[in-house]
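Structure at a glance
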Amino acid sequence: MYTTASIFFKTLAEAGITHAFVNWGSDHPALLEELQRQRVEHGKTSVEIVTCPNEYVALSAAHGYGMITSKPAAVIVHVDVGTQALGGAVHNADRAQVPVFIFAGAVPFTANGELRGSRNEYVMWWQDVPDQPAIVRQYTRYTAQIQSSKNAAKVMMRALQIATSQPKGPVYLWARREVLDEDVDEATLNAPLSIPKWPSVTPPALNPHAVDTIAQALKQAEFPLIVAGNVGRNPAASPVLAELSNTLAVGIISFIPSAAPVPSSHPYYLGCYLGGKLPYVADADVLLFLDIDLPWVDAQDNAARPGAKVFVVGNDPLKRTFGFVHVDADMICTADSEVALGQLLDASRSSDTEAYRTKVQARKTSLEGSRAAWRAQLSHAETLLAPDGILPSVPFLLAALRTTVEALTPSAGKNVLWLNEAASQIHLIWNHIGHCTPKSVFTHGGTSLGAILGMAIGASLGCTVAGEDRDLIVAFTGDGNYLFAAPESAYWVARRYNTPFLTIVLNNRGWFSPKHSMRGVHPTGHGSRVSGERLTVGFGQEQNVDYAGVAAAAGGAWARQVARADELKGVFEEAVKVVTNERRCAVVECIIESI
């Protein structure tokens, strides 16, 4: 027997979706029955099913999968409550422009047995809400209801077409229980649907005037600077950016990126920044912002210098879903970064005068000095401990981990995936981990904290699908973020589906970010003089959660806490060996200076 559920999974598989991260409910009998039919008749399901006891973990895993493969995974959740339980993960997928196909069932529309799937449980009255997709509509690129088997495949393909077109993002479909269980004959099931005829939109290019204007400005500048946001989401853009920088001697900084724009070893890369007053910006006479979410924070004394030329290029440069964002600009262009960078590179190769070569050489000399000074600052920071002389500073800790990974992995750390959700320490991880290349370091690209554990699971599965055999996956998080992440669910999934990774928990006994925000508004107020625990943003010394122990109990993870800088190296060595040799998760809770 075939049903709309048969069409559902057939369409997903033919569209190239390999994994569905699921949390089942009473709206899914047809889906469960169809999957078992496939197992009986074919020995396996057409899409690999990954059971996730928590919906936030499920969508975060799909996020990690899409981040690695640049393709959508499916997420299946339960009516309105499962949709709500996706929580901030749908915000992250939206802001990070990750394609995800989200599907939820809905309560039956019949109540007296008129159709198969009619209401037969009391919860179906409570879960019948006026507008279920409204829960996620403002975070999705598209929402639609599957109302019949006759056009189910086409509705799904339209959703996937939108999800994979720039700016990419999550889509949300839903269907009533009777519709999913509607009988389908073989002719309907096998109705022709040419997947190649549903392409995503071809990425846009700069128009000739924009190419000429921006290229000429970069060539004529004394100190041009590229501020890269999310260019690294497309790894093919990175080598073009690197070549453009090399050709013209243009410095690059990254501001709150979700992926590395160029390798950290690039000679003109000058670091990653999270906030504060951005270096180099005030000296630049030409600024090119590439795929930024915002250029800087105005209130932190950031502005282009008077007379500087400012260009903004990205797939959504006006950020239409942001309430407000602005930079005074000479030109704003909607264009794909890879395409635009290629155009600018071609246009920049035409100048070959002696004066131009002299200018480029002067820029190279200046950038080499700036980079050397920045690298010296990083090296010095890695020698410092916390004020008590016992605890590690975060740069010291990161250097210890980096050297351990270099020593214990076949690639000397170059084939390691780093996932970065350390909130107030994010920029330190970008700058000190030392092996940042496209597709090697990612954040979740949003502000809903706790996603990193689920992302590590999905990223591991995505690496397998993409044929990228990583030596190691490392996830950084804070103690507060870790509690947001549903760790008991995440580590259960990691063990069940053999996706081991190393988690580093930076434990500063609470949430530094809200305390930092308060100080920004009330720098000398009452709250500025008390501990994080007194301010109710800290967890204190006495009630510390056994963070690593949670992972051990839920998923059999190897678990350690380290509270001395001189013990880090030995603990990190054990942890890396557990993940790489035993193929199980390891969690190291690192005590750092308390808030």
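Remember, it's a predicted structure, so these values are computed and weren't measured experimentally.

**Remarks on the overall build of the chain**
Counting secondary structure elements, the chain contains 21 helices and 20 strands. The C-alpha radius of gyration computed for the chain amounts to 25 Å, which stays within 12% of the reference 25 Å derived for 595 residues, consistent with globular compactness. With the C-alpha coordinates of the chain rotated into their principal frame, the extents come out at 80 × 65 × 50 Å. Sorting the 595 residues of the chain into buried and exposed places 57% on the buried side.

**Considerations on the pattern of salt bridges**
In the structure shown here, the tally under the stated rule is 24 salt bridges. The partner of Asp94 in a salt bridge is Arg95, with the nearest N and O atoms 3.7 Å apart. Judged by its relative accessible area of 22%, Arg95 falls in the partly exposed class. Across the salt bridge formed by Arg320 and Asp316, the nearest N and O atoms sit 3.3 Å from each other. Given a relative accessible area of 62%, Arg320 falls into the exposed group. What emerges from the salt-bridge pattern is a single network uniting Glu34, Arg37 and Glu41.

**Some thoughts on helix H7 (residues 152-163)**
For H7, which comprises 12 residues, the first-to-last C-alpha distance of 17 Å matches the rise-based estimate of 16 Å (1.5 Å per residue) to within 8%. Those residues of H7 that fall on the buried side of the exposure criterion are Ala152, Ala153, Val155, Met156, Met157, Ala159, Leu160 and Ala163. At its buried positions, H7 is contacted by helix H1 (4-14), strand E5 (100-106), strand E6 (142-145) and strand E7 (170-176).

**A closer look at helix H18 (residues 487-496)**
Burial in H18 covers these residues: Pro487, Ser489, Ala490, Tyr491, Val493 and Ala494. Phi turns positive, to about 55°, at Asn498, one or two residues after H18.

**Observations regarding the side chain of Ser258**
Along the chain, the position of Ser258 falls in the loop between strand E10 (251-255) and strand E11 (269-273). For Ser258, a relative accessible area of 4% corresponds to the buried category. At 2.8 Å, the side chain of Ser258 forms a polar contact with the side chain of Asn230. Once residues lying within four places of it in the same chain are set aside, the contact partners of Ser258 are Gly229, Asn230, Arg233, Trp430, Val441, Phe442, Thr443 and Gly445.

**Here we look at the sheet that holds strand E9 (residues 224-228)**
Taken in spatial order, the six strands of this open sheet run E11-E10-E9-E12-E13-E14, and their pairing is parallel. Strands with a single pairing partner mark the edges of an open sheet, and in this sheet they are E11 and strand E14 (331-334). Within this sheet the neighbouring strands show an average axis-to-axis angle of 15°, counted without direction. In terms of strand pairing, strand E12 (residues 286-290) meets strand E13 (residues 309-314) through five bridges, oriented parallel. Within E13, the residue paired with Phe289 across the bridge is Val312. Against the sheet, helix H13 (residues 354-381) engages E9, E10 and E11, with an angle of about 45° to E11.

**What about the nonpolar core?**
If you look at soluble globular proteins, the nonpolar side chains tend to sit buried side by side. With 95 residues, the main nonpolar core has Leu206, Ile214, Leu502, Ile504 and Val588 as its most contacted residues. Of the residues forming this core, the biggest block, seven residues, is contributed by helix H21 (residues 568-582). Residues in contact with Leu206, not counting those within four places in the same chain, are Val211, Ile214, Val313, Cys333, Ala335, Ala340, Gln343 and Leu344. Among the nonpolar cores identified, the runner-up in size contains 60 residues, and Val75, Val90, Val98 and Leu461 belong to it.

**What about the pairing of strand E18 (residues 502-507)?**
Of all six residues in E18, six are buried; the element is thus mostly enclosed. Going residue by residue along E18, you find Leu502, Ile504 and Leu506 tucked away on one face and Thr503, Val505 and Asn507 tucked away on the opposite face as well. Here E18 pairs with strand E20 (residues 586-591) via six bridges, running parallel. The partner of Leu502 across the bridge, within E20, is Ala586.

**A short note on the environment of Arg363**
Mapped onto the elements of the fold, Arg363 is located in helix H13. Assessed through its relative accessible area of 4%, Arg363 is described here as buried. Between the alpha carbons of Arg363 and Gly446 there is a distance of 35 Å; along the sequence they are 83 residues apart. When sequence neighbours within four positions are dropped, the list of residues in contact with Arg363 reads Leu218, Lys219, Ala221, Glu222, Pro224, Leu248 and Ala249. At 2.5 Å, the side chain of Arg363 and the backbone oxygen of Leu248 are in polar contact.

**As for the packing of helix H14 (residues 394-408) against H21**
Viewed as axis vectors pointing N to C, H14 and H21 meet at an angle of 45°, and their least axial separation amounts to 9 Å. With respect to H21, the axis of H14 lies oblique. For H14 against H21, the interelement crossing comes out right-handed. Counting all contacts with H14, which are made through Phe396, Leu397, Ala400, Leu401, Thr404, Val405 and Leu408, the residues of H21 involved are Leu568, Lys569, Phe572, Glu573, Val576 and Lys577.

**Some words on the packing of aromatic side chains**
Under the defined criterion, the tally for this structure stands at 10 aromatic pairs. Seen from their ring centres, Tyr491 and Phe501 are 5.7 Å apart, and the 20° between their planes marks the pair as stacked. One end of the pair, Tyr491, is in helix H18; the other, Phe501, is in the loop between H18 and E18, and 10 residues separate them in sequence. No difference in accessibility class separates Tyr491 from Phe501, as the two residues are buried. Chaining the aromatic ring pairs together yields one cluster made of Phe8, Phe9, Phe101 and Phe103.

**So, the sheet that holds E7**
Spatially, E3-E2-E4-E5-E7-E6 is the arrangement adopted by the six strands of the open sheet, whose pairing is parallel. The open sheet has two edge strands with one neighbour each: strand E3 (48-51) and E6. Sheet twist, expressed as the mean angle between neighbouring strand axes with direction ignored, is 20°. In terms of strand pairing, E6 meets E7 through four bridges, oriented parallel. The residue of E7 that forms the bridge with Tyr142 is Val171.

**Describing the pairing of E14**
Only one face of E14 is covered, namely the one carrying Met331 and Cys333; the face carrying Ile332 and Thr334 has none of its residues buried. One ladder, built from four bridges, connects E13 with E14; its direction is parallel. When the sheet's bridge partners are listed, Gly314 is paired in E14 with Thr334.

How each quantity is defined
- Residues numbered from 1 in each chain as written.
- Predicted model: local features only at pLDDT ≥ 70, side-chain atom pairs only at ≥ 80, totals over all residues.
- Heavy atoms only, no water.
- Helix = DSSP H or I, 4+ residues; strand = E, 2+ residues; numbered from the N terminus.
- Rg over C-alpha atoms; globule rule 2.2 N^0.38 Å.
- Buried < 20%, exposed > 50% of the residue type's maximum accessible area, 1.4 Å probe, protein only.
- Salt bridge = Lys/Arg side-chain N within 4 Å of Asp/Glu carboxyl O.
- Expected span 1.5 Å × (residues − 1).
- Contact = heavy atoms within 4.5 Å.
- Polar contact = N/O pair within 3.5 Å; in protein donor to acceptor, adjacent residues only side chain to side chain.
- Pairing = 2+ DSSP bridges.
- Axes fitted to C-alpha atoms, helices over the stretch in contact; angles between N-to-C directions.
- Core = buried A, V, L, I, M, F, W, Y, C linked by side-chain atoms within 4.5 Å.
- Parallel < 35°, antiparallel > 145°, perpendicular 65-115°, else oblique.
- Left-handed = near helix turned anticlockwise from the far one by under 90°.
- Phe/Tyr/Trp six-rings, centres within 6.5 Å; stacked < 30°, edge-to-face > 60°.

Distances and angles like these do not, on their own, reveal function.
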